[in-house]
Amino acid sequence: METACLSPDQQGFARAAAILRSGGLVAFPTETVYGLGADARQDHAVARIFEAKERPRFNPLIVHVDSIETAKAYVEWDAEADALAGAFWPGPLTLVLPLKPGTGLSPLVTADLATLAVRMPDHPVAQGLLAAFGGPVAAPSANPSGRISPTEAGHVLAGLSGRIEAVLDGGACPVGVESTILGLAGAPTLLRPGGLPVEAIEAALGQPLRLYGAGDPVSAPGQMQSHYAPGGLVRLNATERREGEVLLGFGAVEADLNLSVSGDLTEAAANLFHHLHALDAQGARVIAVTPIPDRGLGRAINDRLRRAAAPRE
Ligand code: AMP
Ligand code: MG
């Protein structure tokens, strides 16, 4: 695939929006860093973000929206969210709030958590793209996993050229560090320091922030081994269905549900949470999973399944 470099004008926004609609990936500038965007409602498109970045796990992504009104369609809004978004949106502040049911967002976006991270970016190119697209854009930083976040289109191309459909070139990002992430599902908690100073948030709230720390029950997700567990137990690397089990397959195997009959890891990632929920809903006591190759997206899938299989706390 050849990665197109799009100009930051109406024509470029229209091209980029069409790519997002068709399930493709577009990197775009925000005031913080360049994001790697996908339609947050399309499972396969979101799976491709993890594939392009070679992320070894499904950590949740920030959904970028065009307005406070749009954010309210996805999360349970409250007075603190109102005060903070009123003061700092658009801007480098991400709010983590309870996810509303039935939003149509892919469960890969939230890593199947009950909360969603949302932000309205303060950059004319990001806003131009969101307006042309007219939907929610899931976007982590547009760099390969483990590398430095990109603040110029050239950085994006150096890391992801050939792996994504396009980059909108909007020059250098003015802030240059990631957004500040604030958890508002409980007491206001700083989940990640970033472009908006903590002092500004504390002044707007009129109270000090909790800092995420050891002993906190749920953190930046992924830290607690069994955090993502479904109701039933999960048994990995199953070669047969034992008494009382349901079988989740991968590749050409007989199974109750199959992540990808053709052995396509991107398709498997897109189906993962949906299939786990479906099998869970059948009341399965044990979900046995046939082997999944530990390469590419298979690493993230296996990481997620290992967490589900870990002993409960
Ligand atoms: P990045 O992917 O580089 O944009 O970083 C996104 C950050 O947002 C990660 O540190 C995530 O852990 C954090 N995040 C996203 N969604 C949530 C959520 N629902 N709860 C807590 N942290 C979140
Ligand atoms: Mg990042």
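Predicted model only: the values in this text are computed from it and were never measured. (Residues numbered from 1 in each chain as written. Chains lettered and ligands numbered in written order. Predicted model: local features only at pLDDT ≥ 70, side-chain atom pairs only at ≥ 80, totals over all residues. Heavy atoms only, no water.)

Some points on the overall build of the protein
Here's step 1: Of regular secondary structure, the protein possesses ten helices and 15 strands.
Here's step 2: At 20 Å, the protein has a C-alpha radius of gyration in line with the 20 Å of a compact globule built from 313 residues.
Here's step 3: Dimensions of the protein, computed from C-alpha atoms along their principal axes, come out at roughly 60 × 50 × 30 Å.
Here's step 4: Residues classed as buried in the protein amount to 52% of the 313 residues present.
Here's step 5: In the structure as shown, the protein presents an accessible area of about 13000 Å², 51% of it carried by carbon and sulfur atoms. (Helix = DSSP H or I, 4+ residues; strand = E, 2+ residues; numbered from the N terminus. Rg over C-alpha atoms; globule rule 2.2 N^0.38 Å. Buried < 20%, exposed > 50% of the residue type's maximum accessible area, 1.4 Å probe, protein only. Areas by Shrake-Rupley, 256 points an atom, 1.4 Å probe, with all protein chains shown as cover.)

Section: the sheet that holds strand 13 (residues 245–249)
Here's step 1: Spatially, the four strands line up as an open sheet ordered 12-15-13-14, and their pairing is parallel. Since the sheet does not close on itself, it has two edges, and those belong to strand 12 (233–235) and strand 14 (257–258), each with one partner. (Pairing = 2+ DSSP bridges.)

Thoughts on the site of ligand 1
Here's step 1: Within the structure, ligand 1 sits among 13 residues, and R55, T115, P140, I181 and R192 are positioned closest to it.
Here's step 2: For ligand 1, an oxygen atom lies 2.7 Å from a polar atom in the side chain of R55.
Here's step 3: Note that an oxygen atom of ligand 1 is positioned 3.2 Å from one of the side-chain N or O atoms of R192.
Here's step 4: Taking 500 Å² as the accessible area of ligand 1 by itself, protein coverage stands at 87%.
Here's step 5: Secondary structure elements with two or more residues in the shell around ligand 1: strand 6 (115–119) and strand 10 (189–192).
Here's step 6: Counted by class, the shell around ligand 1 contains nine nonpolar, two polar and two charged residues. (Near = heavy atom within 4 Å. Polar contact = N/O pair within 3.5 Å; in protein donor to acceptor, adjacent residues only side chain to side chain. Nonpolar A, V, L, I, M, F, W, Y, C, P; charged D, E, K, R; others polar.)

Some details on the packing of helix 9 (residues 265–281) against helix 10 (residues 297–309)
Here's step 1: In the contact formed by helix 9 and helix 10, the axes pass within 9 Å of each other and the chain directions differ by 20°. With respect to their mutual orientation, helix 9 and helix 10 come out roughly parallel. Note on packing geometry: the crossing formed by helix 9 with helix 10 is left-handed. Every residue of helix 10 that contacts helix 9 at L265, T266, A268, A269, L272, F273 and L276 is listed here: L297, G298, I301, R304 and L305.
Here's step 2: Partitioned by chemical class, the residues of the contact of helix 9 with helix 10 number nine nonpolar, two polar and one charged. (Axes fitted to C-alpha atoms, helices over the stretch in contact; angles between N-to-C directions. Parallel < 35°, antiparallel > 145°, perpendicular 65-115°, else oblique. Left-handed = near helix turned anticlockwise from the far one by under 90°. Contact = heavy atoms within 4.5 Å.)

Some words on the state of the cysteines
Here's step 1: Under the defined criterion, the tally for this structure stands at zero disulfides.
Here's step 2: Counting only cysteine sulfurs, C173 is the nearest neighbor of C5, a cysteine outside any disulfide, at a range of 13 Å.
Here's step 3: For C5, a relative accessible area of 47% puts it in the partly exposed group. (Disulfide = S-S within 2.5 Å.)

Some details on the environment of A252
Here's step 1: As for its position among the elements, A252 is in the loop between strand 13 and strand 14.
Here's step 2: It is 6.7 Å that separates the C-alpha atoms of A252 and S262, two residues lying ten residues apart in sequence.

A short note on the confidence of the model for the protein
Here's step 1: Here the protein averages 93 in pLDDT, and 94% of its residues register 70 or above.
Here's step 2: Confidence drops under a pLDDT of 50 for residues 219–227, and excluding neighbours within four residues, the segment shows 22 contacts in the predicted structure. (pLDDT = per-residue confidence, 0-100.)

Regarding the pairing of strand 10
Here's step 1: Alignment of strand 9 (residues 180–183) against strand 10, held across three bridges, turns out to be antiparallel. Each bridged residue has a counterpart across the sheet, and for L182 the counterpart in strand 10 is L190.
Here's step 2: By the bridge criterion, two bridges tie strand 10 to strand 11 (residues 210–211) in an arrangement that is parallel. By the bridge assignment, T189 is partnered in strand 11 with R210.
Here's step 3: With helix 8 (residues 198–205) bridging strand 10 and the parallel strand 11, this β-α-β connection has right-handed handedness. (Right-handed = clockwise from strand over helix to strand, strands pointing away.)

Concerning helix 6 (residues 124–133)
Here's step 1: Looking at helix 6, one finds that the buried residues are V125, A126, G128, L129, L130 and F133.
Here's step 2: Of the surrounding secondary structure, the elements contacted by the buried residues of helix 6 are helix 1 (10–21), strand 2 (26–29), strand 3 (34–39), strand 4 (62–64), strand 7 (137–138) and strand 8 (166–168).
Here's step 3: Of the residues trailing helix 6, G134 is marked for its positive phi of about 70°.

Describing the packing of helix 2 (residues 43–53) against helix 9
Here's step 1: Interhelical geometry of helix 2 versus helix 9 gives an angle of 120° and a closest axis separation of 8 Å. As summarised for this structure, helix 2 and helix 9 are arranged oblique, according to the angle between their axes. You can see that helix 2 and helix 9 cross each other, and the crossing is right-handed. Residues D43, H44, A47, R48 and E51 of helix 2 pack against T266, E267, A269, A270 and H274 of helix 9.
Here's step 2: Of the residues that constitute the contact of helix 2 with helix 9, the class distribution is three nonpolar, three polar and four charged.

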